[in-house]
Amino acid sequence: MRDLSRASGLDLRLDSQKHALAFGKTVVLGHTKEAGSLKYRLYGDAREIKDTDILRKNKLRFDLILLAFGRRGFQMPRTPGSCPQGGFPELYEALYGEAWFLLQKENKEDCRVIEDVILVKVKPGRKIIIPPGYGYILINPGKDDLVAAGFSSSRVTCESEKYLKAKGGAYFIFKDNLGEIFEPNPFYRDVPYIRIAVVSARIERFGVSSNEPVYNLLSKGIEKLDFLNNPAKYDYSDVFEFV
């Protein structure tokens, strides 16, 4: 068992043999979900029992995602895909392992026309803000399990049906001995070139720090998560640096 308590802010461990998360007695979950073919497990609405009221009062939800190592051919483990509805952002961090987020913005009139595609590479311990209007797929590019955690507004509903119908995002991403391969998904009619990015240090103006688990904001500055419920008050234009 690998202890992730310090990294996550929760009583949490990673069981690498079972590719699962194990929780202490003080942690409760709202629901779980998995897609074995994608090596994906979601632990939804995770929280310390003592934090239940403050999460509900501030309309926040905390989720954990585990992507087990192991490729399907050359494809890397990934989530099915999620598109937050209502123009809300989301906040994630890579607790264990490197995380890749494949973001895409679709045309409002035709979901098969994609206006922007960004691959954001997030190092362990770093945070990422998913800007409003973007759907995303989380990818595990490493040689070990990936554990990611994230805050979102509890008012957010996430739609995955379009991703399931398309069997993925705007690009299929493969990795072999020669490096990364980006193959456009033929389901989509119009796909722009993919942009590669890392997280900008400027996201610290949102109150997130690389030295502190985001879960700790519940007790050390929950007002810093205001942007999750009031997105129109904030500017997300510089949360990435393009490489």
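Below you will find a few notes about this structure. (Residues numbered from 1 in each chain as written. Predicted model: local features only at pLDDT ≥ 70, side-chain atom pairs only at ≥ 80, totals over all residues. Heavy atoms only, no water.)

1. Section: the overall build of the protein chain
Secondary structure summary: the protein chain contains four helices and 20 strands in total. Taking 2.2 N^0.38 as the reference for a compact globule, 243 residues should give roughly 18 Å; the C-alpha atoms of the protein chain span a radius of gyration of 17 Å, in line with that estimate. Dimensions of the protein chain, computed from the C-alpha atoms along their principal axes, are close to 50 × 45 × 30 Å. For the protein chain, with 243 residues in total, the buried portion stands at 51%. Here the analysis covers contacts within the protein chain between residues at least 6 apart in sequence; of these, 68% occur between residues at least 24 apart. Here the protein chain displays about 11900 Å² of accessible surface, and carbon together with sulfur accounts for 50% of that area. For the protein chain, the separation between the mean place of its 37 positive charges and that of its 32 negative charges on side chains is 2 Å. (Helix = DSSP H or I, 4+ residues; strand = E, 2+ residues; numbered from the N terminus. Rg over C-alpha atoms; globule rule 2.2 N^0.38 Å. Buried < 20%, exposed > 50% of the residue type's maximum accessible area, 1.4 Å probe, protein only. Contact = heavy atoms within 4.5 Å. Areas by Shrake-Rupley, 256 points an atom, 1.4 Å probe, with all protein chains shown as cover. Lys, Arg positive; Asp, Glu negative; His and termini not counted. Charge placed at Lys NZ, Arg CZ, Asp CG, Glu CD.)

2. Examining the nonpolar core
Residues L64, F101, V120 and F151 are the most contacted members of the largest nonpolar core, which totals 59 residues. Considering every element that reaches this core, the biggest residue donor is strand 8 (residues 60–67), with six residues. With near-sequence residues (within four places) excluded, L64 lies in contact with L10, L12, L21, F23, R41, L42, Y43, A46, L95, A148 and A149. Judged by nonpolar contacts, the second largest core, of 17 residues, contains C83, I114, L119 and Y163. (Core = buried A, V, L, I, M, F, W, Y, C linked by side-chain atoms within 4.5 Å.)

3. Comments concerning the side chain of R47
Structurally, R47 can be placed in strand 7 (residues 47–48). On the basis of relative accessible area, R47 is assigned to the buried category, the value being 10%. At a separation of 2.8 Å, a polar atom in the side chain of R47 contacts the main-chain carbonyl oxygen of D45. If we ignore the near neighbours within four places in the chain, the residues touching R47 are L10, T26, V27, V28, L29, G30, T52, L55, R56 and Y215. (Polar contact = N/O pair within 3.5 Å; in protein donor to acceptor, adjacent residues only side chain to side chain.)

4. Comments concerning the pattern of salt bridges
Per the stated rule, a full pass over the model turns up 15 salt bridges. Ionic pairing is found between R13 and D11, a salt bridge with its closest N-O pair at 2.6 Å. For R13, a relative accessible area of 31% puts it in the partly exposed group. On the basis of relative accessible area, D11 is assigned to the partly exposed category, the value being 25%. Between E98 and K123 there is a salt bridge; the shortest N-O distance is 3.8 Å. Residue E98 is found in the loop between strand 10 (90–96) and strand 11 (99–106), and its partner K123 is found in the loop between strand 12 (114–122) and strand 13 (127–130); the two are separated by 25 residues along the sequence. Here the salt bridges share partners, and the residues they tie into one network are D3, D11 and R13. (Salt bridge = Lys/Arg side-chain N within 4 Å of Asp/Glu carboxyl O.)

No statement about biological role is implied by the geometric values presented.
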